[in-house]
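Residue-level structural notes
Take a look at the letters that make up each chain.
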Amino acid sequence: MKGTSVEDRKQAHSLLSCIEGKYCNKKQRQESTPERLVIPCRCKSHWCGECAPRAAYEYRDKLRPVVAQWREVLMVTLTVDPAKFPEGPESAWRHVGKVRAVSVLTRALRRLDVLDGPEWFSTLELHRSGWPHWHIALRARFIAKAKIDAAWKVGGTWIERGERYDPAHAMNYLTKYLTKTEAEPPEWVLSTKAHVRRFSTSRGLLEPRKRRRWQAGESVRQHAKRSNAERVAECGT
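This next bit is on a positive patch on the surface. A contiguous patch of positive charge, built from Arg-100, Arg-107, Arg-110, Arg-111 and Arg-203, is present on the exposed surface. Assignment of secondary structure puts Arg-107 in helix α5 (residues 101–111).

Shown next as structure tokens:
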């Protein structure tokens, strides 16, 4: 390149190299490349040592503004009678879920006009023997035990009494069971492919229920069912 300055020759060489693909602007290419964020796939099981405590804190955050409007709370323990379920604790748990025994109890108490409101939340706890029982928080100051026994037909009841059971304490007390993951769950919980929930609420307590309307001819996606042990083992992978 006769008659051209050194600076002009450098610019021409840089342009030619970029066209050939040798020395393109690397910084610009790096900025245009999107970053990939790898997030572990969580099982969201209430029996997982990682996911259960997270669920407990999420439930507390959602319940805190709700229970702040409660004036009174009554905590009741609901047990099952093993004599009525000779097949074992899993059959007792399935029966309570099938007949919706907890919801039936609250509806019966509402008809008796002994509740301040229809809202409630409960936690499932398992005995060392594997038998289930439930702790439920009701919007009430006092309910006669005979009325609760008449509405709960699968076992016994126990009413927790004390000044310390204000709504905020009840929320913390019941959600803490989700953080207790040190003990190994019973074999029937690990082997079953059913979703064994440890925390439940009345309908619409935390968020409005969304109804899914299926269109004619629309296919429903099927997920392979796994046992709770398989879900927990694959958590984070």
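There is more to say, and it comes next.
Turning to its location among the elements, Arg-231 is positioned in helix α9 (residues 228–233). In the structure, Arg-231 is positioned 183 residues away from Cys-48 in sequence and 8.6 Å away in space, judged by C-alpha atoms. For Arg-231, the residues in contact, after removing those within four places along its chain, are Cys-43, Lys-44, Ser-45, His-195 and Arg-226.

Close reading of the predicted structure is inappropriate where its pLDDT is low. For the chain, the average pLDDT comes to 79, and 73% of its residues sit at 70 or higher. Below a pLDDT of 50 lies the segment residues 19–23, which in the model reaches two contacts outside its immediate sequence neighbourhood of four places, other chains included.

Formed by 33 residues in total, the largest nonpolar core has its most connected members in Ile-143 and Trp-152. The element best represented in this core is α5, accounting for five residues. Among all residues touching Trp-152, those that are not within four sequence positions of it are Leu-78, Thr-79, Val-96, Ala-101, Val-102, Leu-105, Trp-134 and Thr-157. Residues Val-73, Met-171, Tyr-173 and Phe-199 belong to the second largest nonpolar core, which totals 19 residues.

It is worth spelling out the pattern of salt bridges at this point. For the structure shown, the criterion picks out six salt bridges. Across the salt bridge formed by Arg-94 and Glu-90, the nearest N and O atoms sit 3.1 Å from each other. Pair noted here: Arg-94 and Glu-90 are both in helix α4 (residues 89–98), with a separation of four residues, about one helical turn. Given the relative accessible area of 41%, Arg-94 is considered partly exposed. Judged by its relative accessible area of 25%, Glu-90 falls in the partly exposed class. For Glu-234, the salt bridge goes to Arg-226, with nearest N and O atoms at 2.4 Å. On the accessibility criterion, Glu-234 (38% relative accessible area) is partly exposed. Relative accessible area serves as the criterion here: at 34%, Arg-226 is assigned to the partly exposed category.

Right, let's talk about the packing of aromatic side chains for a bit. Scanning the model with the defined rule gives five aromatic pairs in all. Look at Trp-70 and Phe-121: their rings are 5.7 Å apart centre to centre, the planes differ by 40°, and that puts the pair in the tilted class. Pair noted here: Trp-70 is in the loop between α3 (51–67) and β1 (74–79) and Phe-121 is in strand β2 (residues 120–126), with a separation of 51 residues, a long-range link. Phe-121 matches Trp-70 in its accessibility class, with the two residues each being buried. Consider the rings of Trp-134 and Trp-152, whose centres lie 6.2 Å apart with planes at 65°: the pair is edge-to-face. Residue Trp-134 is located in strand β3 (residues 132–138), and its partner Trp-152 is located in the loop between α6 (145–151) and β4 (157–160); the two are separated by 18 residues in the primary sequence. An aromatic cluster of three or more residues is present, and its members are Tyr-59, Trp-70, Phe-121 and Phe-199.

In this section: the environment of Ala-146. Residue placement: Ala-146 occurs in helix α6. Sequence separation between Ala-146 and Thr-157 is 11 residues; the distance between their C-alpha atoms is 9.5 Å.

Okay, α4 next. Among the residues of α4, those classed as buried are Pro-89, Ala-92, Trp-93 and Val-96. Angularly, the buried residues of α4 cover 95° about the axis, an arc narrow enough to put them on a single face. Within two residues after α4, Arg-100 carries a phi angle of roughly 55°, on the positive side.

Parameters and conventions
Residues numbered from 1 in each chain as written. Predicted model: local features only at pLDDT ≥ 70, side-chain atom pairs only at ≥ 80, totals over all residues. Heavy atoms only, no water. Patch = residues over 30% accessible without salt bridge, like charges linked within 9 Å, V, L, I, M, F, W, Y side chains within 5 Å. Areas by Shrake-Rupley, 256 points an atom, 1.4 Å probe, with all protein chains shown as cover. Salt bridge = Lys/Arg side-chain N within 4 Å of Asp/Glu carboxyl O. Lys, Arg positive; Asp, Glu negative; His and termini not counted. Charge placed at Lys NZ, Arg CZ, Asp CG, Glu CD. Helix = DSSP H or I, 4+ residues; strand = E, 2+ residues; numbered from the N terminus. Contact = heavy atoms within 4.5 Å. pLDDT = per-residue confidence, 0-100. Core = buried A, V, L, I, M, F, W, Y, C linked by side-chain atoms within 4.5 Å. Buried < 20%, exposed > 50% of the residue type's maximum accessible area, 1.4 Å probe, protein only. Phe/Tyr/Trp six-rings, centres within 6.5 Å; stacked < 30°, edge-to-face > 60°. Arc of directions from axis to C-beta.

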